[in-house]
Amino acid sequence: MILWLWLCWGFSTSAGQPDSELMARYLEEKLMADYSIMEQVARRVPRQAKFLQRLETRPRMSEFTVKSTIISRYAFTTVSCTMVNSGSEAREGVFEMQIPAAAFISNFTMSIGNKTYYGEVTGKEKKNSSDDKARHKKPPSATDGRENGYETFKASVFIPRKMQARFLLHYEELLQRRLGKYEYTVSIRPQQLVGRLRVEVNILENSGIVSLEVPPLRNSKHKGNGKVEGDVSPPPSTVVGHTKTLAKVTFNPSVVEQTRIARNGILGDFIIRYDVNRELSVGDVQILSGYFVHYFAPTDLPPLPKNVVFVLDSSASMVGTKLRQTKEALFTILQDLRPEDHFNIIGFSNRIKVWQQDRLVPVTPNNIRDAKKYIHNMSPTGGTNINGALQTGAKLLNDYIAQNDIDARSVSLIIFLTDGRPTVGETQSSKILSNTKDAIRDKFCLFTIGIGNDVDHKLLERMALENCGMTRHFQEDEDAASHLKGFYDEIGTPLLSDIRIDYPEDNVEQVTQNFFPNYFNGSEIIIAGKLINHTSDSLHVEVTASNSKKYILLKTDVAIDLPSRNDIRGVPGLEDGKGDKNYIERAWSYLTIKELLKARLKSDDNQEKDYLMEKAKSMALTYNFVTPFTVLKMREAGLHSEPPQEELISPSTDGIGEKLQSLQGHKAPPGIRRQQDKQRIKITKTSADGDPHFVIDFPSSKLSVCFNIDGEPGDILRLVSDHKESGVTVNGQLIGAPAPPNGHKKHRTYFSTITILSNKPERSYLEITPKRIILDDGERLLLSCARSAVVRSSNLEVSISANSNITVTIRDTISFVILIHHYKKPAPYQRNHLGFYISNSKGLSADSHGLLGQFLNHEVKLLQESLNTSHQQVGQNQTEALKPNPTTTLKVKGRLVPVVWKQRRIFNGQQEVDCWFAKNNADKLIDGSYKDYLASHPFDTGTSFGTINSL
């Protein structure tokens with residue numbers, strides 16, 4: 001028997017499933033002998049001689065099945081294909097499968113008749129490099145070239161007469177989040193009608209699946225834009241079912257349904273898109289068997305300002321459709337720029353033309369109108385001066401950054417588009433790379449776009465990699481306008497800059513990239529590593545980043561090796577898993593190999609390139625991945641070997657559930673030390689907490705005074721009012737609860753919301769509840785009280801200790817602490833609520849007011865009132881003797897206030913505090929009555945006592 005097998009360069013693999021003998025015989029008898037099914041099909045498809053001749057002369061595909069399991073974004077895919085040769089002589093059967101270019105092939109098996117051949121991943125020898133070069137020089141085609149992010153795996157065998165061949169292909173990939181969705185794609189192009197065609201995809205996401213969608217089948221000409229025009233319903237015969245964390249999608253068209261889609265057997269791409277639940281925290285950290293993976297994709301962040309230079313190829317080769325679509329895309333992109341952005345445009349051919357000389361202009365209606373006119377008037381002519389265009393763009397952006405007081409946390413970038421290779425000026429790729437890197441100097445990022453087949457892909461890819469950017473390539477016959485707009489949408493909304501994710505050095509090793517210049521809305525940052533401290537019960541995680549005018553620090557401890565509570569052996573799609581693969585370990589190896597390949601591409605040092613190649617090759621051999629440095633060689637398993645059986649390469653189910661540590665909903669058990677639990681905080685006694693109980697500390701007098709306010713549910717109490725001087729106001733809103741049995745109160749009240757407002761030097765406010773914090777200083781930021789975090793700007797810092805307290809510091813001279821009170825099993829008269837404590841009042845003025853603020857710059861005297869009303873000042877050493885005396889009074893602001901001694905419990909880390917209690921809603925103690933301290937709304941900033949204003 002003659003066996004031919006070749007693998008298209010740069011591909012990856014995964015696993016498949018076989019078909020039954022019954023299906024093969026059925027198709028042989030029905031399709032070829034009786035033609036009964038074909039006659040049904042022919043009634044809908046015109047008979048074409050060439051089509052029928054092709055059916056008669058090539059093996060028929062009786063089965064094409066794809067089965068995939070996606071666990072926490074990591075996808076294991078198995079493709080199974082069975083071909084039947086019912087002819088009287090041996091015929092060539094070709095198995096061809098388009099797979100994502102980012103995927104790694106992990107296995108391939110063939111069975112022809114009674115012989116089985118298995119794939120063995122081996123290292124590629126250097127002597128094969130010339131063959132590789134020759135292979136790269138072949139013109140790309142539909143069968144052996146790249147097609148917009150996809151590559152083709154191809155295997156060809158001669159099938160003996162009256163026999164069948166089975167192919168099993170396995171590949172793995174880590175799904176990337178783009179435009180807010182993960183996209184999993186299966187290419188369905190069997191080149192003929194198939195008796196049994198089935199796609200089954202099972203998804204498990206412990207953090208919760210949201211926005212699951214299955215759009216119509218996608219034609220190759222529309223790949224890559226991520227958008228579907230017109231009909232958005234799933235393909236016929238698609239069944240979608242999902243729970244909160246599990247989803248199963250099947251596509252099982254009959255032969256007749258296949259003919260309605262495409263009579264040539266090229267159906268298109270079957271696509272599944274989804275996202276997961278997430279919040280602003282350190283992200284989703286998952287740990288399994290000594291490995292971890294960390295997904296970070298925060299939401300609810302305001303966009304950063306952009307400084308962007310568009311560098312567009314206008315050479316003669318751009319004539320026609322390419323330039324027209326580029327203009328259409330730029331018109332839309334310009335319209336999407338934000339008012340705080342700045343931009344400029346450069347057109348280049350053999351000449352460099354700058355729209356606005358030596359500057360970037362703000363986004364205004366007039367500037368957008370003039371920019372559109374400039375783009376409209378661009379005409380294709382001349383050669384391609386890539387080096388000159390990039391040097392001009394880099395100088396323009398560098399000069400703008402140096403000469404203008406731009407926001408330190410704005411994001412600067414160049415978007416470069418071309419359809420060709422350098423033909424004018426510097427044409428040597430290595431010189432262009434070094435010149436570009438020297439010009440940019442790590443100050444901003446370069447994003448490159450290539451259109452058509454004449455582009456130097458390696459040059460564009462390396463330019464982007466060396467300058468913290470990304471690259472995209474589109475075919476000439478594709479909708480370039482939608483592709484360009486889609487790519488811009490990916491990078492057009494930066495949310496964070498200078499993101500750094502740290503773990504304790506003595507706990508982890510071999511961590512993948514942990515510093516990222518930018519985080520764009522709708523994307524995701526992924527880090528993975530190995531755990532080395534097997535005695536530790538938790539992994540500490542810290543994320544630091546910049547967002548507009550704020551500095552953010554997020555931190556938490558992730559529990560390690562929690563006992564499993566969920567048995568998922570019955571989960572559809574996982575019940576047949578026979579592999580022992582740790583999917584988190586494989587995600588780590590996948591990321592590590594990808595980074596080694598990128599590092600080698602960027603390197604100019606031959607010794608370093610060899611080292612990186614050997615390291616990537618070694619890891620690829622360990623995990624059985626086909627990479628540019630490894631090849632798949634076919635070995636015969638033996639004459640009497642069993643044909644390949646259907647086997648889904650899926651991860652081990654051991655530990656999925658609670659052993660899969662996710663910050664989204666998993667909490668540390670009692671045995672694990674939690675550093676963030678109710679920390680003891682050192683603050684003054686001046687506070688409002690509980691029902692609500694007010695405490696005023698008078699340090700000079702060495703005594704404390706306390707009082708209650710019996711407000712109504714919904715009342716908003718002004719606690720601190722210094723809006724006119726320091727610009728600070730604090731209001732607290734009450735929530736009601738039933739009174740305890742046999743109590744003297746008709747109901748209880750607690751603080752449900754604390755609002756802190758400041759208008760100096762600029763307007764900002766904080767709205768705090770037991771669950772979340774809203775910070776708005778012109779840009780809105782949502783934070784969870786369940787996650788430790790620090791957010792810092794020039795005049796404000798907010799520090800969250802998870803589920804414990806929030807510290808708010810204003811201009812380093814004013815500090816408030818808000819305690820969070822949660823009840824696990826609340827009684828009917830209890831409510832989750834907040835306590836407000838003043839930690840530092842130095843920045844508040846002497847004119848501060850409010851229920852607490854009015855006492856911050858005053859002292860009191862404790863007096864004893866005798867029966868004949870004579871007054872005697874009481875020394876501090878006599879305090880104990882006065883405890884039972886009901887006639888003790890305080891002198892406050894010239895007023896005499898009757899008080900009694902109490903021992904009051906407060907929650908600032910001390911068990912209790914001794915205080916002198918003023919009855920009757922602090923009558924005579926406070927200025928006026930407590931109703932004078934009622935605010936009309938949470939943002940009421942009454943400028944003085946008895947008046948109302950609003951921030």
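Residues numbered from 1 in each chain as written. Predicted model: local features only at pLDDT ≥ 70, side-chain atom pairs only at ≥ 80, totals over all residues. Heavy atoms only, no water.

## As for the overall build of the protein chain
Part 1 of the argument: From N to C terminus, the protein chain includes 15 helices and 50 strands.
Part 2 of the argument: Here the protein chain, with 951 residues, has 55% of them falling under the buried criterion.
Part 3 of the argument: By sequence separation, contacts in the protein chain at least 24 residues apart represent 71% of the contacts at least 6 residues apart.
Part 4 of the argument: In the structure as shown, the protein chain presents an accessible area of about 40400 Å², 48% of it carried by carbon and sulfur atoms. (Helix = DSSP H or I, 4+ residues; strand = E, 2+ residues; numbered from the N terminus. Buried < 20%, exposed > 50% of the residue type's maximum accessible area, 1.4 Å probe, protein only. Contact = heavy atoms within 4.5 Å. Areas by Shrake-Rupley, 256 points an atom, 1.4 Å probe, with all protein chains shown as cover.)

## Re the confidence of the model for the protein chain
Part 1 of the argument: Across the protein chain, the average pLDDT comes to 79, with 77% of residues at 70 or higher.
Part 2 of the argument: Confidence over residues 575-580 falls short of pLDDT 50; this stretch has 11 contacts with residues more than four positions distant or in other chains.
Part 3 of the argument: A low-confidence stretch, residues 946-951 (pLDDT under 50), is modelled with 21 contacts involving residues beyond four sequence positions or located in other chains. (pLDDT = per-residue confidence, 0-100.)

## Concerning the sheet that holds strand E16 (residues 284-288)
Part 1 of the argument: If you walk across this open sheet you meet the 4 strands as E16-E17-E28-E26, and the pairing is antiparallel. Unpaired on one side and paired on the other, E16 and strand E26 (508-509) mark the two borders of the sheet. (Pairing = 2+ DSSP bridges.)

## Quick notes on unusual backbone geometry
Part 1 of the argument: In this model, Lys-760 is joined to Pro-761 through a cis peptide bond whose omega is -5°.
Part 2 of the argument: Counting through the fold element by element, Pro-761 comes out in the loop between strand E37 (747-758) and strand E38 (764-768).
Part 3 of the argument: Even without being glycine, Ser-72 reaches a positive phi, approximately 50°.
Part 4 of the argument: Counting through the fold element by element, Ser-72 comes out in the loop between strand E2 (60-71) and strand E3 (74-85).

## Let's talk about the pattern of salt bridges
Part 1 of the argument: The tally for this structure, following the rule as stated, stands at 36 salt bridges.
Part 2 of the argument: One salt bridge in this structure joins Glu-120 and Arg-635, with 3.1 Å as the shortest N-O distance. Of this pair, Glu-120 sits in strand E6 (residues 115-123) while Arg-635 sits in strand E31 (residues 630-638), and the two are 515 residues apart along the sequence.
Part 3 of the argument: Here Lys-893 ties to Asp-927 by a salt bridge, and the two come within 3.0 Å at their closest N and O atoms. In this pair, Lys-893 sits in the loop between strand E48 (888-892) and strand E49 (895-904) while Asp-927 sits in the segment after helix H15 (919-922), placing the two residues 34 residues apart along the sequence.
Part 4 of the argument: A residue is classified by how much of its surface remains accessible, and Lys-893, at 32% relative accessible area, is partly exposed. (Salt bridge = Lys/Arg side-chain N within 4 Å of Asp/Glu carboxyl O.)

## A look at the packing of helix H12 (residues 583-602) against helix H13 (residues 606-623)
Part 1 of the argument: Here H12 crosses H13 at 155°, and the two axes come no closer than 9 Å. Put simply, H12 runs roughly antiparallel to H13. For the pair H12 and H13, the crossing hand works out as left-handed. Seen from H12, the contacting residues are Glu-585, Arg-586, Trp-588, Ser-589, Thr-592, Ile-593, Leu-596, Leu-597, Ala-599 and Arg-600; seen from H13, they are Lys-609, Leu-612, Met-613, Lys-615, Ala-616, Met-619, Ala-620 and Tyr-623.
Part 2 of the argument: Partitioned by chemical class, the residues of the contact of H12 with H13 number 11 nonpolar, 2 polar and 5 charged. (Axes fitted to C-alpha atoms, helices over the stretch in contact; angles between N-to-C directions. Parallel < 35°, antiparallel > 145°, perpendicular 65-115°, else oblique. Left-handed = near helix turned anticlockwise from the far one by under 90°. Nonpolar A, V, L, I, M, F, W, Y, C, P; charged D, E, K, R; others polar.)

## Some words on the environment of Ile-70
Part 1 of the argument: Along the chain, Ile-70 turns up in strand E2.
Part 2 of the argument: Sequence separation between Ile-70 and Ala-247 is 177 residues, and the spatial gap between their C-alpha atoms is 9.6 Å.
Part 3 of the argument: For Ile-70, the contacting residues outside a window of four places in its chain are Ala-75, Leu-175, Tyr-184, Val-201, Asn-202, Ile-203, Leu-204 and Tyr-274.

## Observations regarding the nonpolar core
Part 1 of the argument: In this structure, Ile-499, Phe-694, Phe-707, Ile-756, Phe-816 and Phe-836 are the most contacted members of the largest nonpolar core, which totals 82 residues.
Part 2 of the argument: Other than its neighbours up to four places away in sequence, Ile-756 contacts Thr-729, Val-730, Ser-764, Tyr-765, Leu-766, Ile-768, Val-808, Ile-810, Phe-816 and Ile-818.
Part 3 of the argument: Of all hydrophobic cores here, the second largest spans 52 residues; its members include Cys-81, Phe-153, Ile-188 and Met-634. (Core = buried A, V, L, I, M, F, W, Y, C linked by side-chain atoms within 4.5 Å.)

## Observations regarding the packing of aromatic side chains
Part 1 of the argument: Counted according to the given criterion, the structure contains 23 aromatic pairs.
Part 2 of the argument: A centroid spacing of 5.1 Å and a plane angle of 35° characterise the contact between Phe-104 and Phe-625, whose relative ring orientation is tilted. Of this pair, Phe-104 sits in strand E5 (residues 104-112) while Phe-625 sits in the loop between H13 and E31, and the two are 521 residues apart along the sequence.
Part 3 of the argument: Overall, Phe-104 belongs to the buried group, its relative accessible area being 3%.
Part 4 of the argument: Judged by centre distance (6.4 Å) and plane angle (75°), the ring pair of Trp-588 and Tyr-623 falls under edge-to-face. (Phe/Tyr/Trp six-rings, centres within 6.5 Å; stacked < 30°, edge-to-face > 60°.)

## Focus on the state of the cysteines
Here a disulfide denotes one covalent bond, and it connects the sulfur atoms of two cysteines.
Part 1 of the argument: Scanning all chains against the criterion turns up 2 disulfides.
Part 2 of the argument: Between the sulfur of Cys-445 and that of Cys-468 lies a disulfide, 1.9 Å long from S to S. Its torsion about the S-S bond being -105°, the disulfide of Cys-445 and Cys-468 is classed as left-handed. With Cys-445 in strand E23 (residues 445-451) and Cys-468 in the loop between helix H10 (457-466) and strand E24 (471-474), this pair connects stretches of sequence that are 23 residues apart. (Disulfide = S-S within 2.5 Å.)

## Considerations on the packing of helix H6 (residues 321-336) against helix H7 (residues 365-376)
The description of two packed helices rests on the angle between their axes and on the distance between the axes.
Part 1 of the argument: H7 packs onto H6 with a crossing angle of 170° between their chain directions and a minimal axis gap of 10 Å. With respect to H7, the axis of H6 lies roughly antiparallel. Across the interface between the two elements, Lys-327, Leu-330, Phe-331, Leu-334 and Gln-335 from H6 touch Ile-368, Ala-371, Lys-372, Ile-375 and His-376 from H7.

## A few points about the side chain of Asn-307
Part 1 of the argument: Examined against the element boundaries, Asn-307 turns out to sit in strand E18 (residues 306-313).
Part 2 of the argument: Looking at Asn-307, its side chain comes within polar contact range of the side chain of Ser-410, at 3.2 Å. (Polar contact = N/O pair within 3.5 Å; in protein donor to acceptor, adjacent residues only side chain to side chain.)

## Description of the side chain of Asn-731
Part 1 of the argument: Following the sequence through the fold, Asn-731 ends up in strand E36 (residues 728-738).
Part 2 of the argument: Owing to a relative accessible area of 1%, Asn-731 belongs among the buried residues under this scheme.
Part 3 of the argument: Side-chain polar atoms of Asn-731 contact the backbone oxygen of Pro-938, separated by 2.9 Å.
Part 4 of the argument: Beyond its immediate sequence surroundings of up to four residues, Asn-731 is in contact with Ile-716, Leu-717, Arg-718, Thr-753, Ile-754, Thr-755, Leu-757, Ala-935, His-937, Pro-938, Phe-939 and Asp-940.

## Points about the sheet that holds strand E9 (residues 177-178)
Part 1 of the argument: With respect to topology, 4 strands assemble into an open sheet ordered E9-E10-E15-E12, the strand pairing being antiparallel. Each having just a single partner strand, E9 and strand E12 (209-213) make up the two edges of the open sheet.
Part 2 of the argument: One ladder, built from 7 bridges, connects strand E10 (residues 181-188) with strand E15 (residues 268-276); its direction is antiparallel. Directly across from Ser-187, in E15, lies its bridge partner Asp-269.

## Remarks on the environment of Ile-266
Part 1 of the argument: Tracing the sequence through the fold places Ile-266 in the loop between helix H5 (255-261) and E15.
Part 2 of the argument: When its relative accessible area of 32% is taken as the criterion, Ile-266 is described as partly exposed.
Part 3 of the argument: With 79 residues separating them in the primary sequence, Ile-266 and Ser-187 have C-alpha atoms 9.1 Å apart.
Part 4 of the argument: If sequence neighbours within four positions are ignored, Ile-266 has contacts with Ile-188, Arg-189 and Gln-191.

## What to know about the pairing of E49
Part 1 of the argument: As paired elements, E48 and E49 share 4 bridges and run antiparallel to each other. If you follow Thr-889 over to E49, its bridge partner there is Pro-898.
Part 2 of the argument: Pairing between E49 and strand E50 (residues 913-918): 6 bridges, direction antiparallel. What sits directly across from Lys-902, in E50, is Cys-915.

## Here's the deal with the pairing of E5
Part 1 of the argument: For E5, the buried fraction is high: 8 of the 9 residues fall into the buried class.
Part 2 of the argument: Pairing of E5 with strand E8 (residues 163-174) involves 8 bridges; the strand directions are antiparallel. Across the sheet, residue Phe-108 finds its bridge partner in E8, namely Leu-169.
Part 3 of the argument: Summarising the sheet, E5 and E6 pair through 4 bridges and their orientation is antiparallel. Across the sheet, residue Ile-112 finds its bridge partner in E6, namely Lys-115.
Part 4 of the argument: Linking E5 back to E6 in an antiparallel pair, the connection comprises 2 residues, with Gly-113 at a positive phi of about 65°.

## Regarding the environment of Thr-423
Part 1 of the argument: Here Thr-423 is to be found in the loop between strand E22 (411-418) and helix H9 (429-440).
Part 2 of the argument: Residues Thr-423 and Asn-385, 38 residues apart in the sequence, show an inter-C-alpha distance of 6.3 Å.
Part 3 of the argument: With residues up to four places along the chain from it excluded, the contact list for Thr-423 reads Gly-383 and Thr-384.

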